[in-house]
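Close look at the chain arrangement
The chain contents come next:
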Amino acid sequence: MKKLSLLAAVFCAFSLAAGTPPGPSPMQRPMDEWTPIQFGFTYRYPSATYNSNVYGLKFGLPICGGVGRVCGMEIALFAAGTEYVRGFQTALFFTEGHMMHGLQASLGSNIAKSGHVGLQATCGYNYSDKFAGMQAGVVNTSADFAGMQAAAVNVSDNAGGIQAGVCVNIADKLGGAQLGLYNQARQADGLQVGLVNVSMKSGFQIGLVNYIKDGWIPVFPLINFKF
Amino acid sequence: MKWKVLLCAGLALLSGLLPAASAPIQKEKGWTIFELGILPGIPQWDPDVRVTGLKVGAPFSTGDTELYGLDISFFGSGSGYAAGVQLSSIAVWAKRADGLQLAPVTVADRCNGLQFGLVNIAKNGAVQLGLLNFIKDSPLPFMILCNVYYGSEGK
């Protein structure tokens, strides 16, 4: 049970990393119908961009998206939102996908609704349900996480790896380390280093105020631990 | 009495052996949040240990390990599989990379993500931005500035 959070996160990571291509939705075109280059103007215009398979480059002028697939690069001026991307998805303000393998980058926010293996980089907000790799932004959130989260605020249900937050790191189950001013976990199987560290069940804490609710000594300055 | 003892011992042995024979032995992968590399092959990391967090090369980090997170080094970073970022001042390489490879020289069999460097080399798929871009299996194996190809593995 002790390493459950990390194992769960890593298991999710590997189920993603195994990377079977997404099963065809009725909306999607068959895999053998593809194009090397495509231009979109909104999410559904031209209509061919909505469910297409692009092996190469998909451009959004200013927006592109749809339920199709991109293997290669999707670049948009405002927003890129193709659901299945293997490669590089970028836009000035907003990127969104369902299942991602590779790099999502934008100034505003990156969202992978189902899962992401790789890197999410932004000056704003990153979200992925299941994530393996690295999230870099101002606010990072995920349900299951393996790898590294670097931001001002990191939030994850199952965090396996390192949460490095300038301000706040929050996890339900932590397997790894939290480094930040305020660190919180319900169950921490690992290290918390910060000004204030909070854990409900277990953990090893280094900081000014260290609180472990079920600990032998619940509150202790400098160092506190319960295994 | 003696044969009963022998029979019990034999049955106990069989009961111990049978499950092992019927189910393949699976070694559970270990994990660590931090790994420090010094020189190629030093220290020698167990390839069955995953890094979920940070891998640092001072100046090199190598190995056939799996990385989830950030792989950063002065001179060279190498991993078997890297999901996240590989970053170095000279070269990075991986058998497969998901995410970003950023260095003057980037090398991967396959990079689901972006290779960004002066010289980018891939075997069967990548998005490359750089001066010289090579993808071996691509119909355009060499391009300047930008090259994109994903082969049959991605389909």
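A brief look at the structure comes next. (Residues numbered from 1 in each chain as written. Chains lettered and ligands numbered in written order. Predicted model: local features only at pLDDT ≥ 70, side-chain atom pairs only at ≥ 80, totals over all residues. Heavy atoms only, no water.)

1. Quick notes on the overall build of chain A
The number of helices and strands found in chain A is one helix and 11 strands. Considering chain A as a whole, with its 227 residues, one finds that 55% of them fall into the buried category. Intrachain contacts of chain A at a sequence separation of at least 6 include 10% that bridge at least 24 residues. In the form shown here, chain A has an accessible surface area of approximately 8800 Å², with 73% of it arising from carbon and sulfur atoms. (Helix = DSSP H or I, 4+ residues; strand = E, 2+ residues; numbered from the N terminus. Buried < 20%, exposed > 50% of the residue type's maximum accessible area, 1.4 Å probe, protein only. Contact = heavy atoms within 4.5 Å. Areas by Shrake-Rupley, 256 points an atom, 1.4 Å probe, with all protein chains shown as cover.)

2. Description of the environment of Pro 36 of chain A
Residue and element names in this part refer to chain A. Turning to its location among the elements, Pro 36 is positioned in strand E1 (residues 35-40). The exposure class of Pro 36 is partly exposed, given its relative accessible area of 48%. Excluding residues that lie within four positions of it along the chain, Pro 36 makes contacts with Val 54, Tyr 55, Gly 56 and Leu 57.

3. Focus on a nonpolar patch on the surface
Residue and element names in this part refer to chain A. A contiguous nonpolar patch, built from Ile 206, Trp 216, Ile 217, Phe 220, Leu 222, Ile 223, Phe 225 and Phe 227 and spanning about 830 Å² of accessible area, is present on the exposed surface. Among the elements that take part in the nonpolar patch, strand E11 (residues 219-226) stands out by supplying four residues, more than any other. Mapping Trp 216 onto the fold places it in the loop between strand E10 (203-212) and E11. Residue class for Trp 216 comes out exposed when judged on its relative accessible area of 59%. (Patch = residues over 30% accessible without salt bridge, like charges linked within 9 Å, V, L, I, M, F, W, Y side chains within 5 Å. Salt bridge = Lys/Arg side-chain N within 4 Å of Asp/Glu carboxyl O.)

4. Brief notes about the pairing of strand E5 (residues 94-106) of chain A
By the bridge criterion, 10 bridges tie strand E4 (residues 79-91) of chain A to E5 of chain A in an arrangement that is parallel. Looking at E5 of chain A, one finds that Arg 86 of chain A is bridged to His 101 of chain A. (Pairing = 2+ DSSP bridges.)

5. Looking at the packing of aromatic side chains
Residue and element names in this part refer to chain A. Counted according to the given criterion, the structure contains 12 aromatic pairs over all chains. Between Phe 41 and Tyr 45 the ring centres are 6.2 Å apart and the planes differ by 45°, which places this aromatic pair in the tilted class. With a relative accessible area of 36%, Phe 41 lands in the partly exposed category. Among the residues examined, Tyr 45 registers a relative accessible area of 54% and is labelled exposed. A ring pair is formed by Phe 204 and Phe 227, whose centres lie 6.4 Å apart and whose planes are at 20°; its orientation type is stacked. Placement of Phe 204 in strand E10 and of Phe 227 in the segment after E11 is noted, with a sequence separation of 23 residues between them. One Lys or Arg, Arg 44, reaches over the ring of Tyr 50 and ends 3.9 Å from the middle of that ring. (Phe/Tyr/Trp six-rings, centres within 6.5 Å; stacked < 30°, edge-to-face > 60°. Lys NZ or Arg CZ within 6 Å of the ring centre and 35° of its normal.)

6. Quick notes on the nonpolar core
Ranked by internal contacts, the top residues of the largest apolar core, which has 19 residues, are Phe 88 and Leu 103 of chain A together with Val 127 of chain B. Counting residues per element, the ones that place at least two in this core are strand E2 (53-60), strand E3 (63-76), E5 and strand E8 (139-179) of chain A together with strand E7 (105-135) and strand E8 (142-150) of chain B. The residues touching Leu 103 of chain A, leaving out its near neighbours within four places in the chain, are Gly 87, Phe 88, Gln 89, His 116 and Leu 119 of chain A together with Gly 99, Leu 100, Gly 113 and Leu 114 of chain B. Of all hydrophobic cores here, the second largest spans seven residues; its members include Ala 94, Ala 97, Ala 108 and Ile 135 of chain B. (Core = buried A, V, L, I, M, F, W, Y, C linked by side-chain atoms within 4.5 Å.)

7. Digging into the interface of chain B and chain A
Listed per partner, the contact involves 30 residues of chain B and 37 residues of chain A. Interface area for chain B against chain A, summed over the two sides, is near 2500 Å², with a carbon-plus-sulfur share of 77%. Seen at the junction of chain B and chain A, the total is zero salt bridges. Linking chain B with chain A are zero residue pairs in polar contact (both at pLDDT 80 or more). Put simply, the parts of the chain that give the side of chain B that touches chain A at least two residues each are strand E1 (30-37), strand E2 (49-57), strand E4 (66-73), strand E5 (76-88), strand E6 (91-102), E7 and E8 of chain B. Here the side of chain B that touches chain A takes six residues from E7 of chain B, the largest share from any one element. Taken together, the residues of the side of chain B that touches chain A sort by class into 15 nonpolar, eight polar and seven charged. (Buried area = accessible area lost by both parts, 1.4 Å probe. Polar contact = N/O pair within 3.5 Å; in protein donor to acceptor, adjacent residues only side chain to side chain. Nonpolar A, V, L, I, M, F, W, Y, C, P; charged D, E, K, R; others polar.)

8. Side note on the pattern of salt bridges
Applying the stated criterion to the full structure yields seven salt bridges over all chains. Taking the shortest distance from any N to any O, the salt bridge between Arg 186 of chain A and Asp 172 of chain A comes out at 2.8 Å. With a gap of 14 residues between them, Arg 186 of chain A in strand E9 (residues 182-199) and Asp 172 of chain A in strand E8 connect regions that are remote in the sequence. We classify Asp 172 of chain A as partly exposed; its relative accessible area is 28%. We note a salt bridge from Asp 98 of chain B to Arg 96 of chain B, for which the minimum N-O separation is 3.2 Å. Assessed through its relative accessible area of 1%, Asp 98 of chain B is described here as buried.

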